[in-house]
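# Tertiary structure, described
Listed below, chain by chain, are the residues.
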Amino acid sequence: MLAFIWAEDSDHGIGYQGQLPWHMPADMKFFKDRTTGNTIVAGRKTFESFKHPLHNRKNIVLTSQDEKNFPEGVVVFHSIREVLEYYTRQPSQNMFIIGGVQLFKDFLPYVTDLYRTTIDHKFAVDTYMPEIDYSHFMLSDFVEGKVDEKNPYPYHFEHFMRVEPASD
Ligand SMILES: NC(=O)c1ccc[n+]([C@@H]2O[C@H](COP(=O)([O-])OP(=O)(O)OC[C@H]3O[C@@H](n4cnc5c(N)ncnc54)[C@H](OP(=O)(O)O)[C@@H]3O)[C@@H](O)[C@H]2O)c1
C-alpha cells in the first residue's frame, strides 16, 4: 500500500507557520497507530516540523540538500522517482506519504489509499491540501471522532481506496 495520510480543516487547510494549525491528540494517535512499523515519506519542511525522526518508523525525507544535514538513520532522497523505486523494491511495505503540498501533488497518481482526517472548523492556515479527484477512490471506512476537552472540534476519519489501478 502506498498511502496519503493527512488532516485538513473545513477549508482544506493543513498547515500554519510550519506547524499543524491545531492540537488534536486523537488525530496524532490515529497517525501514530497507522504509521508505526511502516515507512513515512516527508518533505523537508514537514520533517523539520518534528523535533526528531519519528520513532519506530523508517523515515524518508525528500530534499535537495545533502544527506549529511539529516540525522543518522534517516533515508534521504532527492526525487519522487527514487522514492517510487524504493517502494517498488519493497512491495510488502506500507508506505505513507505524510506531506507537504508538493509531495501530495506529485504522488497523487501513484497512491492506492487515502487516510483523511477532517476537522470541522476553520483555522488560521497558510498551507492547503491540493485538490484530489475523489471519483478515482471509494470510501471504505468512516469513523466519527469523539469530541472532548482535549479534542474540542468535531472531526472524522475516512479511508478511501483507489477504484482503478494506480499509475506505474
Ligand atoms: N495537516 C497535515 O496533515 C499536514 C501534513 C504535512 C504537512 N503539514 C504542514 O504543512 C507545512 C509544510 O508543508 P510544505 O508543503 O510547506 O513543505 P514540505 O512539502 O514539507 O517541504 C517542502 C520541501 O520538501 C522538499 N521537496 C519537495 N518535493 C521535492 C522533490 N520532488 N524533490 C526533492 N525535494 C523535494 C524541498 O526541500 P529542500 O528545500 O530542502 O530542497 C522543499 O522545499 C507545515 O505547516 C506542516 O505542519 C500538515
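None of the values given here were measured: they were computed from a predicted structure. (Residues numbered from 1 in each chain as written. Predicted model: local features only at pLDDT ≥ 70, side-chain atom pairs only at ≥ 80, totals over all residues. Heavy atoms only, no water.)

Here the focus is the sheet that holds strand S1 (residues 2–9). What the eight strands build is an open sheet, ordered S5-S4-S3-S6-S1-S7-S10-S9; its pairing is mixed. Edge positions in the open sheet fall to strand S5 (75–77) and strand S9 (137–144), since each of these has one partner strand only. Taken pair by pair, the neighbouring strands of this sheet meet at an average axis angle of 25 degrees, ignoring direction. Where strand S4 (residues 58–62) and S5 come together, three bridges link them in parallel fashion. (Pairing = 2+ DSSP bridges. Helix = DSSP H or I, 4+ residues; strand = E, 2+ residues; numbered from the N terminus. Axes fitted to C-alpha atoms, helices over the stretch in contact; angles between N-to-C directions.)

Taken together, the neighbourhood of the ligand is formed by 27 residues, with Ala7, Arg44, Thr46, Thr63 and Ser64 sitting nearest. Residue Lys45 places a main-chain N or O atom 3.2 Å away from an oxygen atom belonging to the ligand. At a separation of 3.3 Å, an oxygen atom of the ligand approaches a polar side-chain atom of Gln65. Of the pockets mapped on this structure, the ligand occupies the largest pocket. Looking at the shell around the ligand, the elements that each hand over two or more residues are S1, strand S2 (13–15), helix H2 (44–49) and helix H4 (101–107). Tallied by class, the residues present in the shell around the ligand amount to eleven nonpolar, 13 polar and three charged. (Near = heavy atom within 4 Å. Polar contact = N/O pair within 3.5 Å; in protein donor to acceptor, adjacent residues only side chain to side chain. 1 Å grid on protein atoms, 1.4 Å probe; cavity = no way out; pocket = protein on both sides within 12 Å on 5 of 7 lines; lining within 4 Å. Sits in = over half its atoms within 2 Å of the grid points. Nonpolar A, V, L, I, M, F, W, Y, C, P; charged D, E, K, R; others polar.)

The next point concerns the layout of surface pockets. Looking at the largest pocket, its volume works out to about 1,200 Å³. What lines the largest pocket is a set of 42 residues, and nearest its centre among them are Leu20, Thr46, Ser49, Phe50 and Ile98. Mapped onto the lining of the largest pocket, the elements with two or more residues apiece are S1, S2, helix H1 (25–35), H2, H4 and strand S7 (113–119). Among the elements that make up the lining of the largest pocket, the one with the highest residue count is H1 (six residues). Among the residues making up the lining of the largest pocket, the classes are represented as 19 nonpolar, 14 polar and nine charged. (Points joined across faces, edges and corners; volume = space filled by probe spheres on them.)

This part is about unusual backbone geometry. The omega torsion across Gly99 and Gly100 is 10 degrees, close enough to zero to call that bond cis. Looking at the element boundaries, Gly100 is found in the loop between strand S6 (95–97) and H4. Even without being glycine, Gln17 reaches a positive phi, approximately 50 degrees. Of the residues examined, Gln17 reaches a relative accessible area of 61% and is grouped as exposed. Of note in this structure, Asn56 is not a glycine but carries a positive phi near 60 degrees. Positionally, Asn56 belongs in the loop between H2 and S4. (Buried < 20%, exposed > 50% of the residue type's maximum accessible area, 1.4 Å probe, protein only.)

Let's shift gears to the nonpolar core. Counting 26 residues, the largest nonpolar core has Phe4 and Ile97 as its most contacted members. Elements represented by at least two residues in this core include exactly S1, S4, S5, helix H3 (80–89), S6 and H4. Take this core: its biggest share by element is four residues, from H3. Residues within four places of Ile97 in sequence aside, it is in contact with Leu2, Ala3, Phe4, Ile5, Val41, Leu103, Phe104, Phe107 and Val111. Of all hydrophobic cores here, the second largest spans 23 residues; its members include Ala7, Ala42, Leu54 and Ile98. (Core = buried A, V, L, I, M, F, W, Y, C linked by side-chain atoms within 4.5 Å. Contact = heavy atoms within 4.5 Å.)

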